[in-house]
Amino acid sequence: MGIFKKGLIAAGFCLLAGAASATTVFDFRNPYVGGNGVNAWNGDYTMSVDGLTVTATAGVYTSLGAVDKILTSDCASTSGCFKKVTETKGGLGVGYGLRGGAAVNGMPFSFGELITLTFDQEVAFDEVFFTTFGRRAGKGSDFDLFIDGKNVAMEQLIGPGKSYSLTGLTGTSISFGADKFRLPYFGGKTDKFMVAGLKVSEIAKAAEVAAVPLPASAPLLAAGLLGFAALRRRRKAA
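Rules used throughout
- Each chain carries its own residue numbering, running from 1 in the written order of its sequence.
- Whole-chain, interface and lining totals are the exception, using all residues; otherwise, since this is a predicted model, local features are given only for residues with pLDDT of at least 70 and side-chain atom pairs are given and counted only at 80 or more.
- With hydrogens and water stripped out, all remaining heavy atoms of the structure feed into the side-chain values.
- Cysteine sulfur atoms that come within 2.5 Å of each other are treated as a disulfide pair.
- Centre distance within 6.5 Å is the pairing criterion for rings of Phe, Tyr and Trp, where only the six-membered ring of Trp is used; planes under 30 degrees apart are then read as stacked, over 60 as edge-to-face, and the remainder as tilted.
- The helix count covers DSSP runs of H or I at least four residues long, the strand count covers runs of E at least two residues long, and both are numbered beginning at the N terminus.
- When accessible area is computed with a 1.4 Å probe and restricted to protein chains, residues below 20% of their type maximum are described as buried, those above 50% as exposed, and intermediate ones as partly exposed.
- For two strands to be treated as a pair, DSSP must find at least two bridges joining them.
- Put simply, a nonpolar core is a bunch of buried Ala, Val, Leu, Ile, Met, Phe, Trp, Tyr and Cys residues held in one set by side-chain atoms that sit within 4.5 Å of each other.
- Contact between two residues is taken to exist if any of their heavy atoms lie within 4.5 Å; hydrogens are not considered.
- Nitrogen and oxygen atoms within 3.5 Å of one another constitute a polar contact, given that in protein one can donate a hydrogen and the other can accept it, and given that sequence-neighbouring residues count only through two side-chain atoms.
- Each salt bridge in this description consists of a side-chain nitrogen of Lys or Arg and a carboxyl oxygen of Asp or Glu lying within 4 Å of one another.

**Let's talk about the state of the cysteines**
Then, number 1: Within this structure, the stated rule accounts for 1 disulfide.
Then, number 2: What pairs with C75 in a disulfide is C81, and their sulfur atoms sit 1.7 Å apart.

Right, dumping it as structure tokens:
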């Protein structure tokens, strides 16, 4: 392979890397079961990746009414709410409540546990990854979705080995809830899952990358590489 072709391929990878720099992936799976604060957590359930910081809190919400409503997104700041964030090999969950498991679970009647991820700046949500599903083992569970405290989707089906696209949603916080309530009865199925990871795009960085579009920069790179190749041939001829 000639030096020009090698250089052009390398330049292409550099351009792709620059375009992808706006995307940040958070991995919430803790390899040390029960080891709070391990796996890049700062000890208070904040995590920083690529200059972007996220904080995890545990809360509860209600399924009564036409739209789900958050009662509190942070039990640590609410009297009488004893839910806490948990972390395991599967990811983030909620525990220490009526249902003491580590995962985000549905609660009796019309209430559910809630895991909220709050960022230190506005982001575009790209994709979420789940593990540890409930009773419908082969089909997964349902979750309810909130952006900045507002319900945007209800009873979204998730399953093993699959991610859920969040494209088009932006904000500073995102919440995932599991409930038990099923109209027109209270039902026996309880949703259950853990949040294993989240992919987001920093809006500010994405704007910076878009400010230097590929079509404008590619000709400059190609011209430079052509000149370098011509100089190399001239030296060989001499």
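Picking up after the structure, the text goes on.
**Here we look at the packing of aromatic side chains**
Then, number 1: One pass over the structure, following the stated rule, counts 10 aromatic pairs.
Then, number 2: Between F143 and Y164, the ring centres sit 4.9 Å apart and the planes meet at 90°, which makes this aromatic pair edge-to-face. Here the residue F143 occupies a position in strand β9 (residues 141–147), and Y164 occupies one in strand β11 (residues 163–179), the gap between them amounting to 21 residues. With respect to class, F143 is no different from Y164; both count as buried.

**With respect to the pairing of strand β5 (residues 84–88)**
Then, number 1: Taking burial as the measure, the 5 residues of β5 include 4 buried ones, the bulk of the element.
Then, number 2: Pairing of β5 with strand β6 (residues 91–95), which is carried by 5 bridges, proceeds in the antiparallel orientation. From the neighbouring strand, T88 faces β6, where its bridge partner is G91.
Then, number 3: Linkage of β5 to β6, two consecutive antiparallel strands, is achieved through a turn of 2 residues.

**A look at the nonpolar core**
Soluble globular proteins tend to bury their nonpolar side chains together.
Then, number 1: Counting 34 residues, the largest nonpolar core has L117, F119, F130, F176, F193 and L198 as the members making the most contacts within it.
Then, number 2: Those elements that provide at least two residues to this core are β3 (52–62), β6, β8 (111–131), β9, β10 (150–158), β11 and β12 (192–202).
Then, number 3: Sort the elements by how many residues they give to this core and β8 lands first, with 7 residues.

**Looking at the environment of T167**
Then, number 1: Looking at where T167 falls in the secondary structure, it is placed in strand β11.
Then, number 2: Along the sequence, T167 and A124 sit 43 residues apart, while their C-alpha atoms lie 7.6 Å from each other.
Then, number 3: Excluding residues that lie within four positions of it along the chain, T167 makes contacts with F125 and D126.
Then, number 4: Of the polar contacts made by the side chain of T167, one reaches the side chain of S165; its length is 3.2 Å.

**A closer look at the pattern of salt bridges**
Two side chains that carry opposite charge are able to pair once their charged atoms sit near each other.
Then, number 1: In the structure shown here, the tally under the stated rule is 3 salt bridges.
Then, number 2: Taking the shortest distance from any N to any O, the salt bridge between R29 and D27 comes out at 2.9 Å.
Then, number 3: Classification of R29 by relative accessible area gives partly exposed; the value is 43%.
Then, number 4: For K199, the salt bridge identified is with E127, shortest N-O distance 3.5 Å. You can see K199 sitting in strand β12 and its partner E127 sitting in strand β8, a full 72 residues away along the chain.

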